[in-house]
Structure formats: C-alpha cells, structure tokens
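Spelled out from the first residue to the last, the chains are:
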Amino acid sequence: MIVNAPINFNHEAQPEFELPIKNYQEFYRFYLTEHRNIMSRRLHVVGSSIGIYFFSKAVRKKQAKYVLYGLVAGYANAWVGHFVFEKNKPASFKQPFYSFISDWRMLSDVARGRLSLVDRKLDKIDS
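For the structure given in this document, a descriptive report is provided here. (Residues numbered from 1 in each chain as written. Predicted model: local features only at pLDDT ≥ 70, side-chain atom pairs only at ≥ 80, totals over all residues. Heavy atoms only, no water.)

### What about the overall build of the chain?
Per the secondary structure count, the chain includes five helices and two strands. Along the chain, helices (α) and strands (β) appear in the sequence β-β-α-α-α-α-α when read from the amino end. Split by element, the accessible area of the chain, about 7,700 Å² in all, is 63% carbon and sulfur. (Helix = DSSP H or I, 4+ residues; strand = E, 2+ residues; numbered from the N terminus. Areas by Shrake-Rupley, 256 points an atom, 1.4 Å probe, with all protein chains shown as cover.)

### Observations regarding empty space enclosed by the protein
Per the stated rule, a full pass over the model turns up one cavity of 30 Å³ or more. Estimated volume of the largest cavity: approximately 50 Å³. Lining the largest cavity we find Tyr31, His35, His44, Tyr75, Ala78, Trp79, His82, Pro90, Ala91, Ser92, Ser99 and Asp103. Among the secondary structure elements, those contributing two or more residues to the lining of the largest cavity are α3 (65-86), α4 (91-94) and α5 (96-111). Among the elements that make up the lining of the largest cavity, the one with the highest residue count is α3 (four residues). Grouping the amino acids of the lining of the largest cavity by side-chain chemistry returns six nonpolar, five polar and one charged. (1 Å grid on protein atoms, 1.4 Å probe; cavity = no way out; pocket = protein on both sides within 12 Å on 5 of 7 lines; lining within 4 Å. Points joined across faces, edges and corners; volume = space filled by probe spheres on them. Nonpolar A, V, L, I, M, F, W, Y, C, P; charged D, E, K, R; others polar.)

### Examining α3
Counted at 1.5 Å a residue, the expected span for α3 with its 22 residues is 32 Å, and the 30 Å between its end C-alpha atoms agrees. Buried residues of α3: Tyr66, Gly70, Ala73, Gly74, Asn77, Ala78, Gly81, His82 and Glu86, and no others. Down the axis of α3, the sector holding all buried residues measures 160°, keeping them to one side. Counted as exposed and oriented over 90 degrees from the buried face of α3: Leu68 and Val72. Structurally, α3 contributes buried residues whose contacts are with α2 (38-61). Where α3 terminates, the next one or two residues include Lys87, which has phi positive at roughly 60°. (Expected span 1.5 Å × (residues − 1). Buried < 20%, exposed > 50% of the residue type's maximum accessible area, 1.4 Å probe, protein only. Arc of directions from axis to C-beta. Contact = heavy atoms within 4.5 Å.)

Set out below in structure tokens:
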C-alpha cells in the first residue's frame, strides 16, 4: 500500500511511502510526516510522559496494573492527536512495533530540541 504524506500547505515536496516499511530510518521519516501538527505532538509528549510516570509507579509499587494505565493514557492522548488534529490513522495501526519505538524517539527528539512543540519552522530535523 502506498501512503502519501499529509497535505503540506508550505508546498514542499511530499514523500511517498510504501507500507510496510522494512527499514527503520525510512519508517521514522514516515512517522514524522504523520506527526506534523503541533497539538498532536504535544499530546504525544503528554501521553508518553504519563506512560513514564505509570511505568515507574509500577516498578515502585510492584503492581502491573500501572503499566496498563500508562499504556492506555499514552495511546489515548496520541490517538486524540491523530483523529482530531492530524486527521490520519495512527502509525501504530500500520506498524505497531516501529511506531512504539518512534514514539520514544520523537519524545527524545523533542527533549533534545530537535523537534519543536511551538512551531515546525523551529524543527532541526525534517518532519
């Protein structure tokens, strides 16, 4: 299946990706095209942060239910970002393993200042 990247109003060339994507670096490029909306990125960061909180709580309390809470909260935030703001299907529906890894990579890129939560013009990597 060939997937076109979302509509880009800056008239930049849009890459096409054929799913499933076997190469992780290429998948992450695709993943970033699915996360161009700033509010969606913010919701992903909130969801991942809640996930980290509940994972650490699961370890501290030795109760697995907190891992489930973190997964539900994390995915709920991300899916709201996709369905309401991006108007696309989450990458986790297409390639769940690569998508899960990319959620954490995107959080890392935000934390290191490579991706902006303010304006895409401030991104230091292609998105």
